[in-house]
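# Notes for the structure review
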Amino acid sequence: MTDHAAFTACYRRPPAVAVSAPGRVNLIGDHTDYNGGLVLPIALPQRTRALLARRADRRVQARSAQVPGDMSYKLGDERRAACWLDYVQGVTAVLAADRQPIAGFDLFVASDVPVGSGLSSSAALEVALLRGLRALFRLEFDDTALALLAHRAETGLVGAPVGVMDQLVCSRGDEHSALFIDTRSLALRRVPLPASLGLVVIYSGLDHRLTGGDYGVRRAECEQAAALLEVRQLRDVAADDPRIAALPDALPQRVRHVISENARVLAAVDALVAADLPRLGALLDASHRSLRDDYAVSLPEIDRLVDLARDDAAVFGARLTGGGFGGSVVIATSPDQAERVAVAVARAYADAVGLTPRVVLPRLRDFESRP
Ligand code: ADP
Ligand code: MG
């Protein structure tokens, strides 16, 4: 059934607007955004679609193709329900706080971004919904302001202490360039992907929602380290600051990851511009080691997936991408090898760890759901 038919079957009238927003893969620069640092994500071809129509009352009716059941609430009555409706409620709550005039609406969403896989289905949902509401109620904000509203929805009512990368790239990114973002100034630069780069993205089959990660703990550690070092954010710490080594517990490693990852993002921009894939690959490998050893957000299964990729002679480098504690890996190879690498690595991983991976990039006709 088409989205249009699904909406009409659900609400007994056609949708008034149909919009979408992409998921994203972060090429490099993880856990830097909430430290005021640098990131380099790319929008995915996979998208979340949102179809909407106005209602005469102040109610919101919501349905997702990914989650069974009808959801409903009244505008102004938004409260956390610990389910996907929180993303919708978070969005309408920030619009109200921002004095954006909306009324009740019916909503249908459907997505081919794998949910909970570190590829930002959450920001794709928020951005698609905000695009739909902007069109439906003729709201006036630009794509950067839209991303900031989406970010406030996720850190606010949803309660996820994320940085601003995901919403910015889902709102402003495209599939053909990496979006260099300085998350402090919000300056953006589009860095075209070289034709000689083949990107592979494999979801590990480990849902980061279910692995109960320590994302919030890492964020708190960064804030504690910044306070002890008397800087606004870890972005502002010099790599050779002698006080880093004297920080308590695991804080020296956490700080080292943030500082070194920012430097790797800058180097990765240069490597993309120069189409220097061995250099890009070495940066991805170093980023993975840093996420695994210094930032401690990987898992043995993810390390295995990265190692299997790196064992392939056609692979330049590979790393965990996204928040960690499960999720996906990004692999740099050449375009003519990408399909073979994706299938071979996913198969070897499935055999080795007994999980069901999913090839997200390149988009393979028969291979999306099972290797
Ligand atoms: P990620 O952003 O890496 O996919 P998150 O945990 O940040 O993982 O967001 C996943 C959550 O977003 C899901 O648990 C669900 O609540 C919500 N979500 C995302 N996409 C959809 C969708 N298409 N339908 C319903 N809920 C969705
Ligand atoms: Mg998310």
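The residue numbers shown here count from 1 along each chain, following its written sequence. Just so you know, chain letters begin at A and ligand numbers begin at 1, following the order they were written in. Residue-level local features of this predicted model are given only where pLDDT is at least 70; pairs of side-chain atoms are given and counted only at 80 or more, and the full residue set underlies all totals for whole chains, interfaces and linings. Here the side-chain values reflect all heavy atoms present in the structure, with hydrogen atoms and water set aside.

Moving on to the overall build of the protein. Secondary structure summary: the protein contains 10 helices and 11 strands in total. If one aligns the C-alpha atoms of the protein with their principal axes, the spans along those axes are about 60 × 50 × 35 Å. Relative to its 371 residues, the protein shows a buried fraction of 57%. Of the roughly 15,000 Å² that the protein leaves accessible, carbon and sulfur atoms contribute 50%. Counting from the N terminus, the helices are DSSP H or I runs at least four residues long and the strands are E runs at least two residues long. Relative accessible area decides the class of each residue, using a 1.4 Å probe on protein chains only: under 20% of the type maximum gives buried, over 50% gives exposed, and in between gives partly exposed. In short, Shrake-Rupley with a 1.4 Å probe defines the accessible areas, and a residue's cover is counted only from the protein chains shown.

Right, let's get into the pattern of salt bridges. Each salt bridge in this description consists of a side-chain nitrogen of Lys or Arg and a carboxyl oxygen of Asp or Glu lying within 4 Å of one another. One pass over the structure, following the stated rule, counts 23 salt bridges. Asp294 is the partner of Arg256 in a salt bridge, and the nearest nitrogen-oxygen pair spans 2.8 Å. A residue pair is termed long-range when its members are at least 10 positions apart, and Arg256 in helix H7 (residues 251-273) and Asp294 in helix H8 (residues 277-294) qualify at 38 residues. In this structure Arg256 comes out as partly exposed when scored by relative accessible area, which is 48%. Within this structure, Arg13, Arg55, Asp57 and Asp106 form a network of salt bridges that share partners.

Right, let's get into the nonpolar core. In summary, soluble globular proteins display a tendency toward joint burial of nonpolar side chains. Side-chain atoms within 4.5 Å are what join buried Ala, Val, Leu, Ile, Met, Phe, Trp, Tyr and Cys residues into a set we call a nonpolar core. By size, the foremost hydrophobic cluster in this structure holds 38 residues, and its most contacted members are Ile202, Leu234, Val255 and Ile331. Those elements that provide at least two residues to this core are strand S8 (198-203), helix H6 (215-228), H7, helix H9 (300-310), strand S9 (317-321), strand S10 (328-333) and helix H10 (338-353). Tallying contributions element by element places H10 first for this core, with seven residues. Residues in contact with Val255, not counting those within four places in the same chain, are Ala225, Leu229, Leu234, Val237, Ile244 and Leu247. Formed by 35 residues, the second largest nonpolar core is a distinct cluster that contains Tyr73, Leu95, Ala123 and Leu149. Any two residues whose heavy atoms approach within 4.5 Å at even a single point are treated as in contact.

A separate point is the layout of surface pockets. By volume, the second largest pocket is sized at about 340 Å³. Glu175, Leu193, Leu197, Leu199 and Leu361 are, among the 16 residues lining the second largest pocket, the residues nearest its centre. It is strand S2 (residues 38-54) that contributes the most residues to the lining of the second largest pocket, three residues altogether. Think of it as three bins: nonpolar holds Ala, Val, Leu, Ile, Met, Phe, Trp, Tyr, Cys and Pro, charged holds Asp, Glu, Lys and Arg, and polar takes everything else, Gly as well. For the lining of the second largest pocket, the per-class residue count stands at 12 nonpolar, two polar and two charged. A pocket here means an open set of points on a 1 Å grid, computed over the protein atoms alone, that has protein on both sides within 12 Å along at least five of seven lines. A cavity is instead a set of points where a 1.4 Å probe fits but cannot get out; residues with an atom within 4 Å of a point line either one. Grid points are joined across faces, edges and corners, and a volume is the space filled by probe spheres set on the points.

This paragraph deals with unusual backbone geometry. Across residues other than glycine, the phi torsion is negative in most instances, and most of the peptide bonds are trans. Following Leu361, the chain continues into Pro362 via a peptide bond in cis, with omega recorded as -10°. You can see Pro362 is positioned in the segment after strand S11 (358-361). Positive phi, close to 60°, is recorded for Arg12, a residue that is not glycine. Positionally, Arg12 belongs in the loop between helix H1 (3-11) and strand S1 (17-28). The phi dihedral of Glu230 falls on the positive side, at around 60°, and the residue is not glycine. Here Glu230 is to be found in the loop between H6 and H7.

Within the element layout of this structure, Glu301 appears in helix H9. Once the C-alpha coordinates of Glu301 and Ala239 are considered, the two residues, 62 residues apart in sequence, prove to be 31 Å apart. The residues contacting Glu301, other than those within four sequence positions of it, are Leu206, Tyr349, Val353 and Leu355.

Turning our attention to the sheet that holds S10. Strands sit in the order S9-S10-S8-S11 across an open sheet of four strands; the sheet is antiparallel. Across the chains shown, the open sheet's two edge strands, defined by having one partner strand only, are S9 and S11. Along the sheet, successive strands turn relative to each other by an average axial angle of 25°, direction set aside. Here, strands pair whenever DSSP counts at least two bridges between them. Inspection of the sheet shows S8 paired to S11 by three bridges, in the antiparallel sense. Looking across to S11, one finds that Val201 is bridged to Leu361. Think of each axis as a best-fit line through the C-alpha atoms, taken over the contacting stretch in the case of a helix, with angles from 0 to 180 degrees between the N-to-C directions. Contacting S8, S10 and S11, H10 runs over the sheet at an angle of about 25° to S8.

So, on to H6. Between the first and last residue of a helix there are one fewer steps than residues, each counted as 1.5 Å, and that sum is the expected span. The end-to-end C-alpha separation of H6 is 20 Å, in line with the 20 Å expected for 14 residues at 1.5 Å each. For H6, the complete set of buried residues consists of Arg218, Glu221, Cys222, Ala225 and Ala226. Seen end-on, H6 carries its buried residues on one side only, within an arc spanning 135°. Contacts from the buried residues of H6 go to H7. One or two positions beyond H6, positive phi appears at Glu230, with a value near 60°. The arc in question is the one spanned by the directions pointing from the helix axis to the C-beta atoms.

The next thing to look at is the packing of helix H2 (residues 85-97) against helix H4 (residues 143-158). Helices that pack against each other are described as a pair by the angle of their axes relative to one another and the distance between those axes. Put simply, H2 and H4 touch, their axes get as near as 8 Å, and they point 115° apart. Between H2 and H4, the crossing angle belongs to the class labelled roughly perpendicular. Crossing angle aside, the handedness with which H2 passes H4 is right-handed. Side by side, H2 and H4 meet where Asp86, Tyr87, Gln89, Gly90, Val91, Val94, Leu95 and Ala97 of the first sit next to Leu149, Arg152, Ala153, Glu154, Leu157 and Val158 of the second. Considered class by class, the residues forming the contact of H2 with H4 number nine nonpolar, two polar and three charged. When describing relative orientation, an angle under 35 degrees is termed roughly parallel and one over 145 degrees roughly antiparallel, while 65 to 115 degrees is termed roughly perpendicular and anything else oblique. Crossing handedness follows the turn of the near helix against the far one: under a right angle anticlockwise gives a left-handed crossing, and clockwise gives a right-handed one.

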